[in-house]
Amino acid sequence: MGRLIVTILLILLGMQASGIDPYERNCVACHKKFSPSLEKFFFDYLLKYSSERRVKRALIDYLKNPTRKKAIASEEILKRYGLMPKTHLCDTDLHEAIDRYWEIYKVFGKIK
Ligand code: HEC
C-alpha cells in the first residue's frame, strides 16, 4: 500500500515536471505564441461576469464553442488572430485548466 502511494506520487510529480498540466500545455502554449494576453482576457471576463462561478461557467462555455457573438475580444483582435479554436481538452482537463487560470490571476488581482 505504501509503495503504491509512493508510485502514484512519483507519477504525479513527473507529470508536473514534464508540463502535463493542461493550463500550461494548452492555454499558455498557444497564447504565448499566437494570441493576445491571457491576463487581459481574465480581467475582461471578471468585469463582465464578476463572480468566480459565473466567470468559470462563461469561460468553459466559450472554450467549448467560441463564436464571434460571444467573444469578449475586440474586433481588432478577432481580425488579427481569428476566433480561438474550439478546445480539444476533455472536460476534466478543461476544468483543471480553468481552475489554474482562475487561481493564477485572482491572486494578482487581489480579489476573493
Ligand atoms: C490554439 C490556440 C489557443 C489555445 C490552445 C487556447 N487559446 Fe484562448 N484564444 C486564442 C485566440 C486566437 C484568441 C482570440 C480570439 C477570440 O477571442 O476567440 C483567444 C481568446 C481567449 C479568451 C478570450 C475569449 C473571448 O471572449 O473573446 C480567453 C478567456 C482565452 N482565450 C482563454 C484560454 C484558455 C483558458 C485556454 C486553455 C483552456 C485557451 N485560451 C487555449 C487561442 C488559443
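Just above sits the structure.
The written sequence of each chain sets the order in which its residues are numbered from 1. Thresholds applied to this predicted model are a pLDDT of at least 70 for local features of residues and 80 or more for the giving and counting of side-chain atom pairs; totals over whole chains, interfaces and linings are not thresholded and use all residues. With hydrogens and water set aside, each side-chain value is computed from the structure's full complement of heavy atoms.

Caption draft 1: Up close: the pattern of salt bridges. We define a salt bridge as a contact between a side-chain nitrogen of Lys or Arg and a carboxyl oxygen of Asp or Glu at a distance within 4 Å. The full count for this structure, using the stated rule, is nine salt bridges. For the salt bridge of E24 with R100, the shortest nitrogen-to-oxygen distance reads 3.7 Å. In this pair, E24 sits in helix α2 (residues 22–34) while R100 sits in helix α6 (residues 91–109), placing the two residues 76 residues apart along the sequence. Given a relative accessible area of 36%, E24 falls into the partly exposed group. Ionic pairing is found between K40 and D44, a salt bridge with its closest N-O pair at 2.7 Å. Here the residue K40 and the residue D44 both occupy positions in helix α3 (residues 38–49), the gap between them amounting to four residues, near one helical turn. Elements are defined by DSSP. Helices are runs of H or I of four residues or more, strands are runs of E of two residues or more, and each kind is numbered from the N terminus. Only protein chains enter the accessibility calculation, which uses a 1.4 Å probe; a residue whose area is less than 20% of its type maximum is buried, one above 50% is exposed, and one in between is partly exposed.

Caption draft 2: Expanded view of the packing of α3 against helix α4 (residues 52–64). Only C-alpha atoms enter the line fits that serve as axes; for helices the fit covers just the stretch in contact. Angles between N-to-C directions range over 0 to 180 degrees. Their axes nearest at 9 Å, the elements α3 and α4 cross at an angle of 120 degrees. Here α3 is positioned oblique relative to α4, judged by the angle of their axes. Where α3 crosses over α4, the two elements pack in a sense that is right-handed. Residue-level contacts link Y45, L46 and Y49 of α3 to R54, V55, A58, L59 and Y62 of α4. With respect to orientation, any angle under 35 degrees is reported as roughly parallel, any angle over 145 as roughly antiparallel, any angle of 65 to 115 as roughly perpendicular, and every other angle as oblique. Crossings are classed by handedness, with left-handed meaning an anticlockwise turn of the near helix from the far one by less than a right angle and right-handed meaning a clockwise turn. Residue contacts follow a heavy-atom distance rule, with two residues in contact if any of their heavy atoms lie within 4.5 Å.

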